Amino acid sequence: MERFDVIVVGAGPAGSTAAYTAAKAGLSVLLLERALSPGDKNVFGGRVYAHMVRRLFSGIPEDMPFERFVANERLCFMDDARCACLDFYNSGASPERADSFVARRSKFDRWLASRAEEAGALLVCGTRVDAPFMEDGQVKGILSSSDRIEAGCVIDAEGVTATIARKVGMRTDILPRQFKIGVKETVRLTEEHINERFSLANGEGTASVFVGYPGGYLAASGAFLYTNRDTVSIGVVIEPSGLVSAKREVHELVENFRLHPYISRLLRGGEVIEYSAHMIPNSVPMERENLVGNGILVTGDAGGFFINNGYTYRGVDMAMASGHEAARAVISAHGRGSFTSEALGVYYDGLCREALMEVKRFEGIYSVLRNDRFFSTYPLLACDLAEGLFSVPGFGKKKLKVMLREEMKGRVGITTLAMDILSMYRNM
Ligand SMILES: Cc1cc2nc3c(=O)[nH]c(=O)nc-3n(C[C@H](O)[C@H](O)[C@H](O)COP(=O)(O)OP(=O)(O)OC[C@H]3O[C@@H](n4cnc5c(N)ncnc54)[C@H](O)[C@@H]3O)c2cc1C
């Protein structure tokens, strides 16, 4: 029976990065993916923060598939008729210098997996891993249908479901509030329409985040819009528990968002060509015992590596960082000839320097984002203030401080506002 140094379960960004790094170091790597092609079943909003691509490949490889580089960012507060945005445009962005790219998972994941193959990993698609293969309390491979494949260790990069980690007992306490649901629609337009309507030069892209109306004014909700080359991705991210208590349906929220006057004029004449939904980790436990086991490491969404600090969604770069660090730990453990939790522990130590520290740095934001004033009172206040600021209703225009005082009356006290701003400021 063939035996591998490491089996990586899942060819998403975490798995393919882990396979690439391990194979590049000369280890024998089996990368297993349940979909017929990497990325086929994967869902995300659209933005890849590029720092991990640069680190892995010493720059942005010419063949990396991306739709547009992000040159324009918007953070918008929306009610049912109005939209107040903070708009940032950077003419210095370019494919070489951009901080982030808009990409399609079917292309990006396939490309990353092909990089792992080129480095020597064996990619097998259409194979679902059912369970870990255990011997003497240590993971020594995987079980898939009637097959058993053995390895020195396994990297769980399955995404948010983390079934292998759960079967080993590394994830037990999954609560509804530890996940969000993300729903996305892709709308086809022409490249020219997108450039024109979003004021973009060729190749430039927009990444926008919306708070308020699109999430039904529910706590910890948000919406996004990303411009691809000739399509636009829009979607809503929300906590399922909030939906249930508000008796709302997520597909209804996405549709309301698409039909909002601000969005519908941007998407005019477009055709919805894709609809997809996926879970997102939301503050799941990330202690050593959740990430490092005997013969197993847990990476990416499976390990909870996701940051949403209210204005960014970061999963892909965190998945790549944790996949890379997991592979480095496997390489070191391989050198020691042992894959026990103790030998693989350098994963946790290495992560503590970077990816894990990054997640933990923003951990406080999750309680801040459960404050529903950020999703109801403040978006409405922002729209009212913007309208007041820009309108001239004859003589007697009020100063900003008077307008603010009047708009706040009966909605939020000055102390509460100050405390909320402070909590956001401290955690974002
Ligand atoms: C709506 C939405 C919007 C998002 N927007 C963004 C964004 O704009 N930017 C960003 O950085 N992140 C975003 N994210 C988060 C991002 O998609 C994830 O954090 C990231 O994909 C995690 O990568 P991963 O490799 O850990 O898992 P995944 O990408 O989920 O990959 C896991 C892979 O494992 C495979 N697999 C699963 N189980 C098995 C099994 N048993 N056997 C074999 N294969 C298996 C799957 O088919 C899949 O290919 C978003 C997520 C959602 C849902």
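For the structure, check the block above.
Residues numbered from 1 in each chain as written. Predicted model: local features only at pLDDT ≥ 70, side-chain atom pairs only at ≥ 80, totals over all residues. Heavy atoms only, no water.

## A few points about the state of the cysteines
Put simply, the rule reads: When two cysteine sulfur atoms are found within 2.5 Å, that pair is recorded as a disulfide. Throughout, exposure labels follow a simple rule: accessible area from a 1.4 Å probe, protein chains only, divided by the maximum for the residue type, with under 20% read as buried, over 50% as exposed, and the rest as partly exposed.
Counted under the stated rule, the structure contains one disulfide. Bridging Cys 76 to Cys 85, the disulfide has an S-S length of 2.3 Å. Where Cys 76 bonds to Cys 85 through sulfur, the torsion about that S-S bond is close to 105°, and the disulfide is right-handed. Overall, Cys 76 belongs to the buried group, its relative accessible area being 0%. Residue Cys 85 is classed as partly exposed on the basis of its relative accessible area of 33%. Its sulfur unpaired, Cys 83 is 3.6 Å from the next cysteine sulfur, which belongs to Cys 85. Note on Cys 383: no disulfide assigned, nearest cysteine sulfur contributed by Cys 83 at a separation of 6.6 Å. With a relative accessible area of 3%, Cys 383 lands in the buried category.

## Some thoughts on the packing of aromatic side chains
Working definition: an aromatic ring pair is given by the centre-to-centre distance plus the angle between the planes. Selection criterion: Stacked, tilted and edge-to-face pairs are distinguished by plane angle, under 30 degrees for stacked and over 60 for edge-to-face with tilted covering the rest, among Phe, Tyr and Trp rings (Trp via its six-membered ring) whose centres lie within 6.5 Å. Only Lys NZ and Arg CZ are tested; either one counts as a charge over a ring when it is within 6 Å of the ring centre and within 35 degrees of the ring normal.
In the structure shown here, the tally under the stated rule is ten aromatic pairs. One aromatic cluster is present, built from ring pairs that chain together Tyr 20, Phe 57, Phe 108 and Trp 111. Above the face of the Phe 57 ring, Arg 115 is positioned so that its terminal group lies 4.9 Å from the ring centre. The residue whose ring lies beneath Arg 148 is Phe 133, and the NZ or CZ to ring-centre distance is 4.3 Å.

## What to know about the site of the ligand
Where we set the bar: Any residue with a non-hydrogen atom lying within 4 Å of a molecule or strand is treated as near it. Polar contact is the term for a pair of N or O atoms within 3.5 Å; when the atoms are in protein, one must be able to donate a hydrogen and the other to accept it, and sequence-neighboring residues count only if both atoms are side-chain atoms. Reported accessibility uses the Shrake-Rupley method at a 1.4 Å probe radius. Residues are deemed covered only where the shown protein chains occlude them. Put simply, DSSP H or I for four residues or longer makes a helix, DSSP E for two residues or longer makes a strand, and each gets a number counted from the N terminus. For this classification, Asp, Glu, Lys and Arg are treated as charged, while Ala, Val, Leu, Ile, Met, Phe, Trp, Tyr, Cys and Pro are nonpolar and the rest, including Gly, are polar.
Near the ligand lie 33 residues; those nearest to it are Glu 33, Gly 45, Arg 47, Arg 105 and Asp 301. Contact between the ligand and Val 43: an oxygen atom at 3.5 Å from a main-chain N or O atom of the residue. With respect to the ligand, the backbone of Gly 45 contributes an N or O atom lying 2.7 Å from a nitrogen atom. Computed on the free molecule, the ligand has an accessible area of 1000 Å², of which 98% lies beneath the protein chains in the complex. Looking at the shell around the ligand, the elements that each hand over two or more residues are α1 (13-24), β2 (29-33), β15 (271-281), α10 (300-303), β19 (313-314) and α11 (316-336). Classifying every residue of the shell around the ligand by side-chain character gives 14 nonpolar, eleven polar and eight charged.

## Topic: the pairing of strand β14 (residues 231-238)
Where we set the bar: At least two bridges found by DSSP between two strands is the condition for calling them paired.
Counting buried residues along β14, eight of its eight residues qualify, which places the element largely inside the surrounding structure. Neither face of β14 is exposed, since Thr 231, Ser 233, Gly 235 and Val 237 on one face and Val 232, Ile 234, Val 236 and Ile 238 on the opposite face are all buried. Of the pairings in the sheet, the one linking strand β11 (residues 179-188) to β14 comprises eight bridges and is antiparallel in character. When the bridges of β14 are listed, Gly 182 appears paired with Val 237.

## Some thoughts on unusual backbone geometry
Excluding glycine, residues mostly carry a negative phi; peptide bonds, for their part, are mostly trans. Of note, Ser 58 is a non-glycine position whose phi angle comes to about 55°, a positive value. Mapping Ser 58 onto the fold places it in the loop between α2 (51-57) and β4 (68-78). Phi angles above zero are rare outside glycine, and Lys 247 is one such case at about 55°. Tracing the chain through its elements places Lys 247 in the loop between α6 (240-246) and α7 (250-259).

## Description of α7
Since one α-helical turn is 3.6 residues long, residues separated by three or four positions face the same way. What counts, and what does not: Here the arc refers to the directions that run from the helix axis out to each C-beta atom.
Turning to α7, its buried residues number three or more, namely Val 250, Leu 253, Val 254, Phe 257 and Arg 258. The buried residues of α7 occupy an angular sector of 135° when the element is viewed end-on, so they sit on one face.

## Looking at the pairing of β4
Taking burial as the measure, the eleven residues of β4 include eight buried ones, the bulk of the element. As paired strands, β4 and strand β6 (residues 100-102) are joined by two bridges and run antiparallel to one another. Residue pairing in the sheet places Phe 69 in a bridge with Phe 101 of β6. Here β4 runs beside strand β12 (residues 204-212); their pairing, made up of nine bridges, is parallel. Directly across from Arg 74, in β12, lies its bridge partner Ser 208. Pairing between β4 and strand β5 (residues 83-89): seven bridges, direction antiparallel.

All quantities given are derived from atomic positions and should not be read as evidence of function.
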